[in-house]
Structures are given as C-alpha cells and as structure tokens.
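Fold and contact review
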Amino acid sequence: MIQRSVHPPQPVEITPPESDLMIVTLDGPAGAGKSTIARQLADRLGFAFLDTGAMYRAVTLVAVRNRGPWDDPQALAELARQCQIEMEGGRVHLNGEDVSELIRLNEVTSHIHYLADNWAVRERMVALQRAFAEGKDIVTEGRDQGTVAFPKADCKIFLTASPEERARRRVQELQARGEQVSVAEVLALQNERDRRDSTRKVGRLEPAPDAIDVCTDGMSPDEVVEQLVEIVRERMQRTDG
Ligand code: DC
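Here goes a summary of the coordinates provided. This is a predicted model, so every value here is computed, not measured.

1. Section: the sheet that holds strand β1 (residues 23-27)
Read from one edge of the open sheet, 5 strands run β2-β6-β1-β7-β8, paired in parallel fashion. One side of each edge strand has no neighbouring strand; the edge strands of this open sheet are β2 (48-51) and β8 (212-215). Strand-to-strand twist of the sheet, defined as the mean angle between neighbouring strand axes without regard to direction, takes the value 20 degrees. As judged from the 4 bridges shared by β1 and strand β7 (residues 155-160), these two strands associate in the parallel manner. Its bridge partner lying in β7, leucine 26 is registered against isoleucine 157. Sheet strands touched by helix α1 (residues 34-45): β1, β2, β6 (138-142) and β7. Its angle to β6, the strand with the most contacts, is close to 175 degrees.

2. Thoughts on the site of the ligand
Near the ligand, the surroundings consist of 15 residues, among which Thr52, Arg57, Arg122, Asp144 and Arg193 are the closest. Interatomic distance of 2.8 Å between a side-chain N/O atom of arginine 57 and an oxygen atom of the ligand. In this structure, an oxygen atom belonging to the ligand sits 3.1 Å away from a side-chain N or O atom of arginine 143. In isolation the ligand exposes 450 Å². Once the protein is present, 94% of that is buried. Of all the elements in the fold, those that place two or more residues in the shell around the ligand are α2 (52-65), α5 (112-116) and α9 (183-199). The leading source of residues in the shell around the ligand is α2, at 4 residues. Tallied by class, the residues present in the shell around the ligand amount to 3 nonpolar, 4 polar and 8 charged.

3. Details of unusual backbone geometry
Across residues other than glycine, the phi torsion is negative in most instances, and most of the peptide bonds are trans. Cis geometry is found at the peptide bond from glycine 68 to proline 69, where omega equals 5 degrees. Mapped onto the elements of the fold, proline 69 is located in the loop between α2 and α3 (73-82). In the Ramachandran plot, arginine 67 falls in the positive-phi region, its phi being about 55 degrees despite a non-glycine side chain. At asparagine 95, a position not held by glycine, the phi torsion is positive, near 45 degrees. Position of asparagine 95 relative to the elements: it lies in the loop between β4 (91-94) and β5 (97-98).

4. Some words on the state of the cysteines
Scanning the model with the defined rule gives 0 disulfides in all. With no disulfide partner, cysteine 215 has as its closest neighbouring cysteine sulfur the one in cysteine 155, 18 Å distant.

5. Description of the nonpolar core
Counting residues in hydrophobic clusters, the biggest one holds 35 residues, and the most contacted among them are Val59, Ile85, Met87, Val92 and Leu94. Beyond its immediate stretch of four places on either side in the chain, valine 59 contacts Ala80, Cys83, Ile85, Leu115, Val121 and Met125. Counting residues in each nonpolar core, the second largest holds 22 residues, with Ala42, Leu45, Leu228 and Val232 among its members.

6. Remarks on α1
In an α-helix, one turn spans 3.6 residues; hence positions three or four apart end up facing the same way. Between its first and last C-alpha atoms α1 spans 16 Å; for 12 residues at 1.5 Å apiece the expected length is 16 Å, and the two agree. Every buried residue belonging to α1 is among Lys34, Ile37, Ala38, Leu41, Ala42 and Leu45, and all of these are buried. An end-on view of α1 places all buried positions within 135 degrees of arc, on one side of the element. A positive phi of about 75 degrees marks glycine 46, the residue just after α1.

7. Overview of the sheet that holds strand β3 (residues 85-88)
Here we have 3 strands laid out as an open sheet, ordered β3-β4-β5, and antiparallel in their pairing. The sheet is open, and its two borders are formed by β3 and β5, each paired with just one other strand. Each of β3, β4 and β5 touches α2; the most contacted strand, β4, lies at about 35 degrees to it.

8. Focus: the pattern of salt bridges
Within the structure shown, the criterion is met by 20 salt bridges. Across the salt bridge formed by lysine 156 and aspartate 210, the nearest N and O atoms sit 3.1 Å from each other. With lysine 156 in strand β7 and aspartate 210 in the loop between α9 and β8, the pair connects residues that are 54 residues apart, well separated along the chain. The partly exposed category is assigned to aspartate 210, whose relative accessible area is 43%. Linking glutamate 173 and arginine 170 is a salt bridge whose minimum nitrogen-to-oxygen distance equals 2.8 Å. Placement of the pair is glutamate 173 and arginine 170 together in helix α8 (residues 163-176), with a separation of 3 residues, close to one helical turn. Relative accessible area serves as the criterion here: at 31%, arginine 170 is assigned to the partly exposed category. Sharing partners across several salt bridges, the network here consists of Asp117, Arg143, Asp197 and Arg200.

What counts and how
- Here the residue index of a chain counts from 1 through its sequence in written order.
- Totals for whole chains, interfaces and linings use all residues, but because this is a predicted model, local features are given only for residues with pLDDT of at least 70 and pairs of side-chain atoms are given and counted only at 80 or more.
- Calculated side-chain values reflect all of the structure's heavy atoms, with hydrogen atoms and water omitted.
- A pair of strands is considered paired only if DSSP assigns at least 2 bridges between the two.
- Numbering of helices and strands starts at the N terminus; helices are DSSP runs of H or I of at least 4 residues and strands are runs of E of at least 2.
- Whenever a helix is involved, its axis is fitted only over the stretch in contact; in every case the axis is a line through C-alpha atoms, and angles between N-to-C directions fall within 0 to 180 degrees.
- Any pair of residues with heavy atoms lying within 4.5 Å of one another is described as a contacting pair.
- Any residue with a heavy atom positioned within 4 Å of a molecule or strand is treated as near that molecule or strand.
- In protein, a polar contact means a hydrogen-donor-capable atom and an acceptor-capable atom, both N or O and within 3.5 Å, with residues adjacent in sequence counting only if both atoms are side-chain atoms; elsewhere, any N or O pair within 3.5 Å suffices.
- Here, Shrake-Rupley sampling with a 1.4 Å probe gives the accessible areas, and only protein chains in the shown set may cover a residue.
- We call Asp, Glu, Lys and Arg charged. Ala, Val, Leu, Ile, Met, Phe, Trp, Tyr, Cys and Pro are nonpolar, and the rest, Gly among them, are polar.
- Cysteine sulfur atoms that come within 2.5 Å of each other are treated as a disulfide pair.
- Remark: nonpolar core denotes a set of buried residues (Ala, Val, Leu, Ile, Met, Phe, Trp, Tyr, Cys) joined through side-chain atoms within 4.5 Å.
- In this scheme, a residue with accessible area under 20% of its type's maximum is buried, one over 50% is exposed, and one in between is partly exposed, where area comes from a 1.4 Å probe on protein chains only.
- Any helix carries an expected span of 1.5 Å times its number of residues minus one.
- Each direction from the helix axis to a C-beta atom contributes to the arc, which is the arc of those directions.
- Any carboxyl oxygen of Asp or Glu within 4 Å of a side-chain nitrogen of Lys or Arg constitutes a salt bridge here.

As structure tokens, this is what we get:
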C-alpha cells in the first residue's frame, strides 16, 4: 500500500497521529464512464472503492418500495436514516439484502432526484461516506466527493466527456444489452439529469477549485485509467517528498 502524510509538522510537543492514508475523489456527470474507471483505478492502486451513486440508488429503492411519500422530504429523510447500507466487494447490501441489480432499474433512476435533492438525505450519505473512508486508502466516485464529502482530499479528479460522446457510449451499452434506443432519446434524458445534477442546492455537480479536469473524449477506458494512475502517482510523490 502506498502511503503519504496529510498533516504538516506540528510545532507543539504532543503531535496528533499523522494520517498516512490517501483519498482520491472522482466526480463528474452521468455517462462519463466514472464507475468503471474509478473501480479500475482503485484496483490498480490497491485502494478501496466507493460508488456513492449506488448509495443514492439504494435509499431511492427503499423509497420506491415504500411508495414515497414523494411530497414529504422529512419522511424520505427518515427512511434514509433508518436503512442500513453496506458496500462490500462491488456489491450493495440494503438491510442485509443484495440489491446491486435492483438499484439499476429505471424506476429507481427516475426517482433518485427526490432523495438526491434532499439536504437531510445528503447529510446522512456524506456521513456514511466519511465513515466508509475511515482508515482506508480510497477512490470515491460521485458528484460532490471533492467539494462536500472530502474537501481536503489529496487528489481530486473531475472526469468529463462531451454530451454527445457520453450519449453515444450509453447507446452502445444499451444495444449490447439488446435494448434499442436512439442517441437523441438518450441525449434528452441525459441533458435533464445534467441539469438536475448541476443545479441542486446542496451537493451539486461542480469541479472543486483544486480538481484536475480530465476530458475523456476519444479515449478508451484503459487509456483513461492509465492517465489517472499517472496523475495519482505523481500527486503521491509530490506529497511524500
Ligand atoms: O452515478 P450514478 O448515475 O449511479 O448516480 C445516481 C444518481 O445519484 C445521480 O442522478 C446523481 C446522484 N448522486 C448524487 O447526487 N451525489 C453523489 N455523490 C452521487 C450520485
């Protein structure tokens, strides 16, 4: 495991224990290939991986099963507070049930904004994300990881691709699964998600001021991972030295 220090030397007699752990945040819009890339990056570095979108999906699944109530933010926040989410080995467990596939259903995706726009839900998710990261080297992926969840992260990456390229990749993915959709259809839904993600009052999608922008247009997933490994290693050397 690669280690680094995040605290400068303290000019006092008793110094707090130094953290040798590294946090890499990977934020960006839907369809930029973040999840696959973040997972591979974590594997290459030997770090833990956290898919925070899956956490929002899991609390949304709870709400879908409960039929909302969609017009009651406090009740939704309470649902989020009561459920237990565990992320282990690439699987998502909700109150002990493996929901890794269920959280990808369209019915979940189309209701996420009720939970993701709810500040009390976000507060709970951020607390869980920080608890998950404790004591680990981690790559964490989402929308607000470098801005809200881990503003002091050692290495922040903002991964983008043009809307057309993201839509084309999504269409290829769906076609591989036997679903027939047009780029125009996917682009329209994607634009709506982008709008919601970048205009929500808390935890909106935006690069942290100290994030490194990586545009993946025209790059293969392997090439992107390679570039990110370089960025993180370079950052580690700089902070270690
Ligand atoms: O990455 P994804 O598509 O699985 O994310 C699902 C939704 O969750 C997405 O519409 C935005 C939201 N989300 C969020 O608001 N904050 C995060 N850190 C991660 C995801």
